[in-house]
Structure formats: C-alpha cells, structure tokens
Amino acid sequence: MKIPKAYAQSEEIIKGSRFLAELFPVFSQAEVREKIKSQKQKYPDARHVCHAFIAGKNAEIMGMSDDGEPGGTAGRPMLDVLKGSDSTNILVTITRWFGGTLLGTGGLVHAYGNGVKNVLLAAEFEELIEKTGFSLKTDYQQYKIIKKVFENFTLYEISEDFGEGIQISGKIAASDFEVFSQKIFDGSNGRVKVLGKR
C-alpha cells in the first residue's frame, strides 16, 4: 500500500471545459472536509469541485461527491480509479470550469476518471510504513556515537535541539524500534535511553 508524499496536480481542457485535478495527502475525514471547503473557497468561479478520497491503514475509510454533476458521473469514477491504485491517505479534487459544451454522461465519466489517472502519474508515492515516534536526551560526548547508530536506520522527521544537552526526536518504522533502542543503549554504555511514543 502506498501513500502520496506531497501535493500534485494535472490539468486538461475538454471541449472548452477546464478540469483541474489536485491530489493531497490526508490522514483523517476531518482533514478531507477542511480541504474540500478550502478548495471551494479558492475557486468560487468554478461550476463543480468533485472529490474522492481513501484513508486509513487498510484503506477502510472512503468517500466521494459529484458536487452537482449528474449522479455517478464524477465521484464514482474518481473513487474507482483511486481504489485500483493501491494507495491510501489520499484525496483528489477535480475542479471544473464549464466551457459551454455538454459532455454527456460517458464524457463526464471519462473526464473525471482520466483526471485522477493523470494526477496519480504526476504524484510521488512512498510505501505505507507503520511508524513509532521516539525521543532521547544525550550529552555532547555521546552525540557522535548516537549519530553513527542513526546511519544504520531510516529515520523520519528528525529534530535536534541543542542546549545544555541534546534533545533528539523523530520517527522510525515500528518494526525497527526495539533494535534501534537497544543499539543506542549499548552504544552509549547504558547512558542513553530511547523513549517511544505513538
């Protein structure tokens, strides 16, 4: 299962109508609602802001909206493409500015489905890994040893705070946490303990 790394967009003009597909990483339904609200405020001149999303560790939360397009012509084809992409924590909105020519139901299904396919191609993904937060305190002497241990692991969102001692926090794959903690404990001769946090 993959998750998007960052925002992406793609755009298409079909028979005068402009379709702007935008992809966002999301982590909850509340975030989805906020994002859709802000999209509608951002494009007050657009006819429709349709969306589909999938979220949750097992892609168990999903939703969609036709936002005024004929039923089943926008949200459903968008969600179908997302479901086939093996990804989660993802929201795609497609904003449509009407160009004067009706596309018919087949044309709309094609336009919205394709919009999602194109924005997925434009996006960068990473594997969904369950991560555990960690923090540790060290002195300047042990810092070099700890940084050596860091080189053997993939760490995320590291922040280092230098004061009297050094406070380090970040995230690591949950499956690596025990080994990582032990290596730091051993490497510092038991002076540095790693605290885990969900």
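Remember, predicted model here, so these are calculated numbers, not experimental data.

What counts and what doesn't
Residues numbered from 1 in each chain as written. Predicted model: local features only at pLDDT ≥ 70, side-chain atom pairs only at ≥ 80, totals over all residues. Heavy atoms only, no water. Phe/Tyr/Trp six-rings, centres within 6.5 Å; stacked < 30°, edge-to-face > 60°. Helix = DSSP H or I, 4+ residues; strand = E, 2+ residues; numbered from the N terminus. Buried < 20%, exposed > 50% of the residue type's maximum accessible area, 1.4 Å probe, protein only. Lys NZ or Arg CZ within 6 Å of the ring centre and 35° of its normal. Pairing = 2+ DSSP bridges. Axes fitted to C-alpha atoms, helices over the stretch in contact; angles between N-to-C directions. Contact = heavy atoms within 4.5 Å. 1 Å grid on protein atoms, 1.4 Å probe; cavity = no way out; pocket = protein on both sides within 12 Å on 5 of 7 lines; lining within 4 Å. Points joined across faces, edges and corners; volume = space filled by probe spheres on them.

A. How the structure looks around the packing of aromatic side chains. On inspection of all chains with the given rule, the structure shows nine aromatic pairs. Centroid distance F134 to F150: 6.3 Å. Interplanar angle 75 degrees. Geometry classified as edge-to-face. Separated by 16 residues along the polypeptide, F134 in strand β8 (residues 131-138) and F150 in helix α4 (residues 140-150) bring together distant segments of the chain. The same class applies to F134 and to F150, which are both buried. Seen in terms of ring centroids, Y143 and F162 are 5.6 Å apart; in terms of plane orientation they differ by 75 degrees. Their pairing is edge-to-face. Remark: F162 occurs in strand β9 (residues 155-162) and Y143 occurs in helix α4; sequence separation between them is 19 residues. Residue class for Y143 comes out buried when judged on its relative accessible area of 17%. The rings of F134, F150, F153 and F180 are connected pair by pair, giving a single aromatic cluster. The ring of W97 has R18 lying over it, and the distance from NZ or CZ to the ring centre is 4.2 Å. A cation over a ring is seen here: K131 above Y156, with NZ or CZ 4.1 Å from the ring centre.

B. Structural detail: the sheet that holds strand β4 (residues 48-55). Strand order in this open sheet of five strands is β2-β3-β6-β4-β5, and the pairing throughout is antiparallel. Unpaired on one side and paired on the other, β2 (8-14) and β5 (61-65) mark the two borders of the sheet. When strand polarity is set aside, the average angle formed by the axes of neighbouring strands in this sheet is 15 degrees. As judged from the five bridges shared by β4 and β5, these two strands associate in the antiparallel manner. When the bridges of β5 are listed, H51 appears paired with S65. Helix-sheet contacts for helix α2 (residues 75-83) involve β4, β5 and β6 (90-97), and the interaxial angle to β4 is about 30 degrees.

C. Inspection of the pairing of β8 at higher detail. Most of β8 sits out of view: six of its eight residues are buried. Sheet topology places β8 next to strand β11 (residues 195-197); three bridges connect them, and they run antiparallel. Within the sheet, the bridge partner assigned to F134 lies in β11 and is G196.

D. Structural context of the layout of surface pockets. Reported here for the largest pocket is a volume of approximately 440 Å³. Around the largest pocket, the lining comprises 19 residues; the ones closest to its centre are F27, N89, L128, I129 and K131. Breaking the lining of the largest pocket down by element, the ones donating at least two residues are β1 (2-4) and β8.

E. Geometry of the environment of A59. Relative to the assigned elements, A59 resides in the loop between β4 and β5. Taking the C-alpha atoms as reference, A59 lies 19 Å from A173; in sequence the two are 114 residues apart. With sequence-adjacent residues up to four places away left out, A59 is seen in contact with M1, I54, S87 and T88.

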